[in-house]
Amino acid sequence: MRIGSILIGLFLLSSPAQAQLKKTLHKVFEVPETANQLVLNIYEGDSYDVIPWAGNTIMAETNVEMYKASRGVFDFFLEEGRYDFITAPQGDSLIVSSKDLLRRVIKLEDVEALEKVHSRIYIPDYFVQQSPTFWERPEEQQDQQPKRKKLNREKMDVNEELKEAVKPAAPDSTGTSTDPGTQNDDNG
């Protein structure tokens, strides 16, 4: 029994633990008013989904997993921007591209690290898909910003009870401020 537990302990100590390293990255891009087309240029080894949303920006959510590598190596590639996205406006198009389109293999002491990268790219819902990597704004919307329904807080639709509770105070007849954070004395 004792010899068996010693052998199992030695076996566990001799095999290097290869933990899975994970990180989720977020990046938001403004869509210029002149952009009527979106073009995606994503690294060929990555998987991605394009999701229409009610926003007027583009958001990239990238899930990165790395196997057979150390935390230091993983952090280095994150800091270098290996998995980042960039945008480049060209005329009436906006190109959304992977920053690193030529990723080199990561090798550590003859062991090749494995990477799994999946992105969700949220684009404004007024763009219509024309091909897997190309979206276009319909012509009737090209001259105007898309209209969206205002939220209640934007319309200022509040009930009467709340309006009564937040009535502005009557102005002071002396012309001095009655805010507790201000003082009206000669010392400033």
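Everything that follows concerns the structure shown earlier in this document.
Residues numbered from 1 in each chain as written. Predicted model: local features only at pLDDT ≥ 70, side-chain atom pairs only at ≥ 80, totals over all residues. Heavy atoms only, no water.

Asks: What is the right way to look at helix α2 (residues 71–80) in this model?
Replies: Residues that lie three or four places apart on an α-helix share one face, since the helix turns once every 3.6 residues. If you check which residues of α2 are buried, you get Val 73, Phe 74, Phe 77 and Leu 78. The buried residues of α2 occupy one face: seen down the axis, they fall within an arc of 135°. Looking at the packing, one finds that the buried side of α2 touches β1 (21–30), β4 (57–67) and β7 (107–108). Looking one or two places after α2, you find Gly 81, whose phi comes out positive at around 85°. (Buried < 20%, exposed > 50% of the residue type's maximum accessible area, 1.4 Å probe, protein only. Helix = DSSP H or I, 4+ residues; strand = E, 2+ residues; numbered from the N terminus. Arc of directions from axis to C-beta. Contact = heavy atoms within 4.5 Å.)

Asks: Hey, could you run me through the environment of Ala 35 in this one?
Replies: The residue Ala 35 is located in the loop between β1 and β2 (37–41) in this model. Distance from Ala 35 to Glu 136, taken between C-alpha atoms, is 8.9 Å for residues 101 residues apart in sequence. If we ignore the near neighbours within four places in the chain, the residues touching Ala 35 are Asp 92, Leu 94, Phe 127 and Arg 137.

Asks: Can you walk me through the packing of aromatic side chains in this structure?
Replies: Describing an aromatic ring pair means giving the distance of the ring centres and the angle of the ring planes. With the rule as written, the count across this model stands at 3 aromatic pairs. For the cation-ring pair, Arg 82 lies above Phe 77, with the distance from its terminal atom to the ring centre recorded as 4.8 Å. (Phe/Tyr/Trp six-rings, centres within 6.5 Å; stacked < 30°, edge-to-face > 60°. Lys NZ or Arg CZ within 6 Å of the ring centre and 35° of its normal.)

Asks: Explain the environment of Ala 69 to me, please; I cannot follow it from the model alone.
Replies: For Ala 69, the position within the fold is in the loop between β4 and α2. A relative accessible area of 12% places Ala 69 in the buried class. In this structure the C-alpha to C-alpha distance between Ala 69 and Ala 113, which are 44 residues apart in sequence, comes to 5.6 Å.

Asks: Could you clarify how one ought to interpret the nonpolar core in this entry?
Replies: Nonpolar side chains tend toward joint burial in soluble globular proteins. Ranked by size, the top nonpolar core spans 16 residues in total, and within it Leu 38, Ile 58, Phe 85, Ile 121, Ile 123 and Phe 127 carry the most contacts. Elements represented by at least two residues in this core include exactly β2, β4, β6 (93–98) and β9 (114–124). When neighbours within four sequence positions are excluded, Ile 58 is seen to be in contact with Lys 27, Val 28, Phe 29, Val 31, Leu 38, Leu 94, Val 96, Ile 121, Tyr 122, Ile 123 and Pro 124. Membership of the second largest hydrophobic core comes to 13 residues, among which are Leu 25, Met 66, Phe 74 and Tyr 83. (Core = buried A, V, L, I, M, F, W, Y, C linked by side-chain atoms within 4.5 Å.)

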